[in-house]
Amino acid sequence: MNIPSMKLPSAFLPLAMSLTALVIVLGHVAIYGAAREADEGTAAHLWQILMAGQIPVVAFFAIKWLTRAPKQALYILALQAGAVLAAMAPVYFLHL
């Protein structure tokens, strides 16, 4: 039986997307500050696309691997959830 690992695209792509979203938010805050803007800019739209784009990839990973290797799949899903929370934290705490 194959065991899911971080080498699978469905395992590492959501992590990469969350980390990219985090970098976009932190970069935007570093350059422009944490003030609310009247209109959402490019950084906000990129963040939204990256965060929403993960949903089908994570769903595919969960459907495929939770029945085959539940322990390893739950570990990777926990990493993915942690990355999502890390990307959402600056938006929540800085009220962006």
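First, a word on scope: everything that follows refers to the structure included in this document. As a convention, each chain's residues are numbered from 1 in the sequence order in which they are written. Restriction of local features to residues with pLDDT of at least 70 applies here, the model being predicted, together with a cutoff of 80 or more for giving and counting side-chain atom pairs; totals for whole chains, interfaces and linings are based on all residues. By convention in this description, side-chain values take in all heavy atoms of the structure and omit both hydrogens and water.

Next up on the list: the packing of aromatic side chains. Aromatic contacts are taken between Phe, Tyr and Trp rings whose centres are within 6.5 Å, Trp giving its six-membered ring; a plane angle under 30 degrees counts as stacked, one over 60 as edge-to-face, and the others as tilted. All told, the structure shown has one aromatic pair when counted by the stated rule. Its guanidinium or amino end placed over the ring of W65, R68 lies 5.5 Å from that ring's centre, counting from NZ or CZ. In this scheme, Lys NZ or Arg CZ marks a charge over a ring once it lies within 6 Å of the ring centre and within 35 degrees of the ring normal.

Before going further, it helps to examine the environment of G82. Helix and strand assignments follow DSSP, with helices taken as H or I runs no shorter than four residues and strands as E runs no shorter than two, numbered in order from the N terminus. Residue position: G82 is located in helix α3 (residues 70-93). When its relative accessible area of 37% is taken as the criterion, G82 is described as partly exposed. C-alpha of G82 to C-alpha of S18: the two residues are 64 residues apart in sequence and 9.2 Å apart in space. Here the term buried applies to any residue with accessible area under 20% of the maximum for its type, exposed to any over 50%, and partly exposed to those in between, with areas from a 1.4 Å probe on protein chains only.

So, about the packing of helix α1 (residues 9-32) against helix α2 (residues 42-65). Interaxial angle, 0 to 180 degrees, is taken between N-to-C directions of lines fitted to C-alpha atoms, where a helix line uses only the stretch in contact. Look at α1 against α2: their axes get within 9 Å of each other, and the N-to-C directions meet at 165°. Here α1 lies roughly antiparallel to α2, going by the angle between them. In this structure, the crossing between α1 and α2 has a hand that is left-handed. Mapping the contact onto sequence places S10, A11, L13, P14, M17, S18, T20, A21, I24, V25 and H28 in α1 and A43, L46, W47, L50, M51, G53, Q54, V57, V58, F60 and F61 in α2. Convention used here: angles under 35 degrees read as roughly parallel, angles over 145 as roughly antiparallel, angles from 65 to 115 as roughly perpendicular, and any remaining angle as oblique. By definition, any crossing whose near helix is turned counterclockwise from its far helix by less than a right angle is left-handed, and any crossing with a clockwise turn is right-handed. Between two residues, a contact is recorded if the distance between any of their heavy atoms is within 4.5 Å.

Nonpolar side chains in soluble globular proteins tend to end up buried together. Nonpolar cores were defined as sets of buried Ala, Val, Leu, Ile, Met, Phe, Trp, Tyr and Cys residues, with membership established by side-chain atoms within 4.5 Å. In terms of nonpolar packing, the biggest core is built from nine residues, these being M17, A21, L22, V25, W47, L50, M51, A87 and V91. When residues of this core are traced back to their parent elements, those giving at least two are α1, α2 and α3. The greatest single-element share of this core, amounting to four residues, is contributed by α1. Excluding residues that lie within four positions of it along the chain, M51 makes contacts with A21, V84, A87 and M88.

Moving on: the packing of α2 against α3. At their nearest, the axes of α2 and α3 sit 11 Å apart, and the two run at 170° to each other. As the angle between them shows, α2 and α3 are arranged roughly antiparallel. On α3, the residues that touch W47, M51, Q54, V58, F61, A62 and W65 of α2 are P70, A73, I76, L77, Q80, V84, A87, M88 and V91.

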